[in-house]
Amino acid sequence: MSRIGKKPIDLPGGVSATVSGQTIEVKGPKGVRSFTATDDVDLRVEDNTVSVAPRGKSKRARQQWGTSRTQVANLVQGVTTGFKKELEINGVGYRAAVQGKVLKLSLGYSHDVDFDIPEGVTVTATKPTELTVEGIDQQVVGQVAANIREWRKPEPYKGKGIKYKDEFIFRKEGKKK
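Thresholds, definitions, all that
Residues numbered from 1 in each chain as written. Predicted model: local features only at pLDDT ≥ 70, side-chain atom pairs only at ≥ 80, totals over all residues. Heavy atoms only, no water. Helix = DSSP H or I, 4+ residues; strand = E, 2+ residues; numbered from the N terminus. Rg over C-alpha atoms; globule rule 2.2 N^0.38 Å. Buried < 20%, exposed > 50% of the residue type's maximum accessible area, 1.4 Å probe, protein only. Contact = heavy atoms within 4.5 Å. Areas by Shrake-Rupley, 256 points an atom, 1.4 Å probe, with all protein chains shown as cover. Lys, Arg positive; Asp, Glu negative; His and termini not counted. Charge placed at Lys NZ, Arg CZ, Asp CG, Glu CD. Domains from an automatic or database assignment. Buried area = accessible area lost by both parts, 1.4 Å probe. Salt bridge = Lys/Arg side-chain N within 4 Å of Asp/Glu carboxyl O. Polar contact = N/O pair within 3.5 Å; in protein donor to acceptor, adjacent residues only side chain to side chain. UniProt positions renumbered as here; feature names shortened; annotations may be inferred.

(A) Representation of the overall build of the protein chain in the model. Across its full length, the protein chain holds three helices and 13 strands. Over its C-alpha trace the protein chain gives a radius of gyration of 21 Å, far above what one expects of a compact globule, namely 16 Å for 177 residues. Oriented by its inertia axes, the alpha-carbon framework of the protein chain measures out at about 65 × 40 × 25 Å. Burial statistics for the protein chain: of 177 residues in total, 37% are counted as buried. Of the contacts made within the protein chain by residues no fewer than 6 positions apart, 48% connect residues no fewer than 24 positions apart. For the protein chain, the exposed area adds up to about 10,800 Å²; of that, 49% sits on carbon and sulfur atoms. Of note, the protein chain has its 31 positive side-chain charges centred 7 Å away from the centre of its 21 negative side-chain charges.

Set out below in structure tokens:
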């Protein structure tokens, strides 16, 4: 039995869900998101709760049970509070600025990096060395943050680069004479 799959998902006030076939659509204050489940699970909406149940006892049905429940829970969280990733920029002269739909990064290269911000995601630079990526789709928010981090990953000697706010960089000692 899936412990995660058994838990019903409560719909907070202002959030509505509709099921048509294997597709669930969740509407909330931040927007609308939908998810299409596999044929191995049943989706039901009853009394402001969404429940997911397997269709049979096969291994694949039990695997999809917990996965589908988590996906639907992420839809509900996305349309109510949204998702957020925070990035820090460390290094002399490293900075970031948002100009319209373009993120300008100065990362020690001979040129500035222009990163186009995709639809459905907002990137804000609270300070020149701190970035916040926000949106209603967890996968897109995480991918955009990873793409920004990819431009200058943190290095282990001085810790220069772009890192997640809660990330720990394992530091190395330099060469000895």
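(B) A look at the domain arrangement of the protein chain. Domain boundaries assigned for the protein chain yield domain 1 (9-81) and domain 2 (83-164). Domain 1 and domain 2 are separated by 32 Å when their C-alpha centres are compared. With eight residues of domain 1 in contact, the opposing surface of domain 2 contributes four residues. Carbon and sulfur atoms supply 56% of the area buried between domain 1 and domain 2, which totals about 520 Å² over both sides. It is R33, N74 and G78 that lose the most area in domain 1 upon contact with domain 2, and together they represent 66% of the buried surface on that side. Here domain 1 is connected to domain 2 by one salt bridge. Residue R33 is joined to D137 by a salt bridge in which the shortest nitrogen-to-oxygen separation is 3.2 Å. At the boundary of domain 1 with domain 2, the tally comes to two residue pairs in polar contact (both at pLDDT 80 or more). Taken together, the elements giving at least two residues each to the side of domain 1 that touches domain 2 come down to β4 (31-36) and α2 (59-80).

(C) Spotlight on the UniProt feature "domain: Large ribosomal subunit protein uL6 alpha-beta" (unreviewed entry) in the protein chain. Residues annotated by UniProt as "domain: Large ribosomal subunit protein uL6 alpha-beta" (unreviewed entry) correspond here to residues 12-82 and 91-164. The distance separating the terminal C-alpha atoms of residues 12-82 is 14 Å; by composition the span is 31% helix and 41% strand. Across residues 91-164, the secondary structure splits into 18% helix and 42% strand, with the terminal C-alpha atoms separated by 14 Å.

(D) The arrangement of the side chain of D40 in detail. Relative to the helices and strands, D40 is located in the loop between β4 and β5 (41-46). A polar atom in the side chain of D40 sits 3.0 Å from the side chain of R60. Sequence-distant contacts of D40, defined by excluding residues within four places in its chain, comprise A53, P54, R55, R60, A61 and Q64.

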